[in-house]
Amino acid sequence: MSRRKTLTRKKKIALVAGALVLAGGTAVVLTGTSQASVACDGLTTALANNERFIADQRANPDAQSQARIANREAVIAQIRLQQAASGCGGDTGAAAPAAPGTQPAPTQAQPAPPAQPAEPAPPAGGGDGAGGSGDVVCAGSTVTLSGEAGAPAASSNQFPLGTRLKVTNLDNAKSTTVEVTSTSGSCVLLNDAAFEQVREPGKFLIRKARIERVG
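Residues numbered from 1 in each chain as written. Predicted model: local features only at pLDDT ≥ 70, side-chain atom pairs only at ≥ 80, totals over all residues. Heavy atoms only, no water.

A word on the overall build of the protein chain
- Along its length, the protein chain carries three helices and eight strands.
- The order of helices and strands in the protein chain, counted from the N terminus, is α-α-β-β-β-β-β-β-α-β-β.
- Residues counted as buried form 23% of the 215 residues belonging to the protein chain.
- Put simply, 75% of the contacts in the protein chain that link residues at least 6 apart link residues at least 24 apart.
- Summing over all exposed atoms, the protein chain offers an accessible surface of approximately 14,100 Å²; the carbon and sulfur share of this is 58%. (Helix = DSSP H or I, 4+ residues; strand = E, 2+ residues; numbered from the N terminus. Buried < 20%, exposed > 50% of the residue type's maximum accessible area, 1.4 Å probe, protein only. Contact = heavy atoms within 4.5 Å. Areas by Shrake-Rupley, 256 points an atom, 1.4 Å probe, with all protein chains shown as cover.)

Topic: the environment of Ala 151
- The topology assignment puts Ala 151 in the loop between β2 (143-145) and β3 (154-156).
- Along the primary structure Ala 151 and Asn 191 are separated by 40 residues, whereas in three dimensions their C-alpha atoms are 8.2 Å apart.
- Contacts of Ala 151, omitting those with residues within four sequence positions, involve Asn 191 and Ala 193.

Some thoughts on unusual backbone geometry
- Phi is positive for Cys 138, which is not a glycine, with a value near 50°.
- Tracing the chain through its elements places Cys 138 in the loop between β1 (135-137) and β2.
- A positive phi is found at Ala 173, a non-glycine position, where the angle reads about 65°.
- Along the polypeptide, Ala 173 turns up in the loop between β4 (164-169) and β5 (174-183).

A word on the pattern of salt bridges
- Enumeration according to the criterion identifies five salt bridges in this entry.
- Glu 73 is paired through a salt bridge with Arg 58; the nearest N and O atoms lie 3.3 Å apart. Taken together, the residues span a long stretch of sequence, with Glu 73 in helix α2 (residues 65-86) and Arg 58 in helix α1 (residues 2-59) at a distance of 15 residues.
- For Arg 58, a relative accessible area of 17% gives the class buried.
- With a shortest N-O distance of 3.0 Å, Asp 62 and Arg 68 are connected by a salt bridge.
- By relative accessible area, which is 41% here, Asp 62 ends up partly exposed. (Salt bridge = Lys/Arg side-chain N within 4 Å of Asp/Glu carboxyl O.)

Some points on the state of the cysteines
- For the coordinates displayed, the defined rule picks out two disulfides.
- Note on cysteine connectivity: Cys 138 is disulfide-linked to Cys 187, with sulfurs 1.7 Å apart. Since a negative S-S torsion denotes a left-handed disulfide, the Cys 138-Cys 187 link at about 85° is right-handed. Here Cys 138, found in the loop between β1 and β2, pairs with Cys 187, found in the loop between β5 and β6 (189-190); they are 49 residues apart in sequence, far enough to count as distant. (Disulfide = S-S within 2.5 Å.)

Quick look at the environment of Phe 53
- Within the secondary structure, Phe 53 sits in helix α1.
- Expressed as a C-alpha distance, the spacing of Phe 53 and Ile 69, which sit 16 residues apart in the sequence, is 8.2 Å.
- Non-local contacts of Phe 53, meaning those with residues more than four positions away in its chain, are made with Arg 68 and Arg 72.

Some remarks on the packing of aromatic side chains
- Summed over all chains, the structure comprises zero aromatic pairs.
- Positioned above the aromatic ring of Phe 53 is the side chain of Arg 72, whose terminal nitrogen or guanidinium carbon lies 3.8 Å from the ring centre.
- We note Arg 199 situated over the ring of Phe 204; from NZ or CZ to the ring centre the distance is 4.6 Å. (Phe/Tyr/Trp six-rings, centres within 6.5 Å; stacked < 30°, edge-to-face > 60°. Lys NZ or Arg CZ within 6 Å of the ring centre and 35° of its normal.)

Regarding the confidence of the model for the protein chain
- With 62% of its residues at a pLDDT of 70 or more, the protein chain shows a mean pLDDT of 74.
- The least confident element of the protein chain, judged by mean pLDDT, is α1 at 65; the most confident is β4 at 95.
- Residue range residues 116-131 is modelled with pLDDT below 50. Its contacts to residues more than four positions away, or to other chains, number 19 contacts. (pLDDT = per-residue confidence, 0-100.)

So this is what it looks like as C-alpha cells:
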C-alpha cells in the first residue's frame, strides 16, 4: 500500500512539472509576439510622422526644405528596411500626398539659365551721328585729314563716290558718318570738318580707327 501511494505521488509531480514547462513556453511565445507587435507599431508611427513632416515642408517650403525632405526620405527608407526585417505586414511605405495646389520640391536645384551677354554700348557720338553699324573695312588703317574744306565728307581709293562710311576714333570713342565725295590715295581721308568731329586735340592722325561701310 505504501509503495503504491509513493508511485502515485511521483506521477503527480511529473504531471505538474510538465504543465509548468508548457505554460512557461506559452508565455515566452506570447511575450515575443507582443514585443514584435510593439516594434511594428513604433515603426509605423515613425513612418507616418516623417511622411507628415515631408508633406508639411512641401506645402510650406523655405530655403532649407529641400535638404530636410532629402534627409527625411533617407529616414523613411531605413524604416522600411526595419519593417521588412521585423516581418511587419501591411503596405506602410506609401508616401503622404502633398498638400493640394503645391508642387513637390525638386530633388536637385535647377541650373540657372545662362546670363545673356550685355549689348556693347555705342561709342559716344561726335559729328552728325548718321548711319548705323556696318561692315568693318580697311582693318588696321589709320585715318588722317585731307585738308579739304566744306561740309563733313571723305575721300577714298577703295570705295565709289556716294558710299557712306562711319569712322570711329577708338581713343576717344567719337565717331562720324560721312559720304565719299572724291578720290584719294588712302582707304579713307576725312576733310577738315569731318576730322574735327572725331579728332583728339592737337593730333592730326587717328592711329586706332574703326571704319565701317554703312551704305
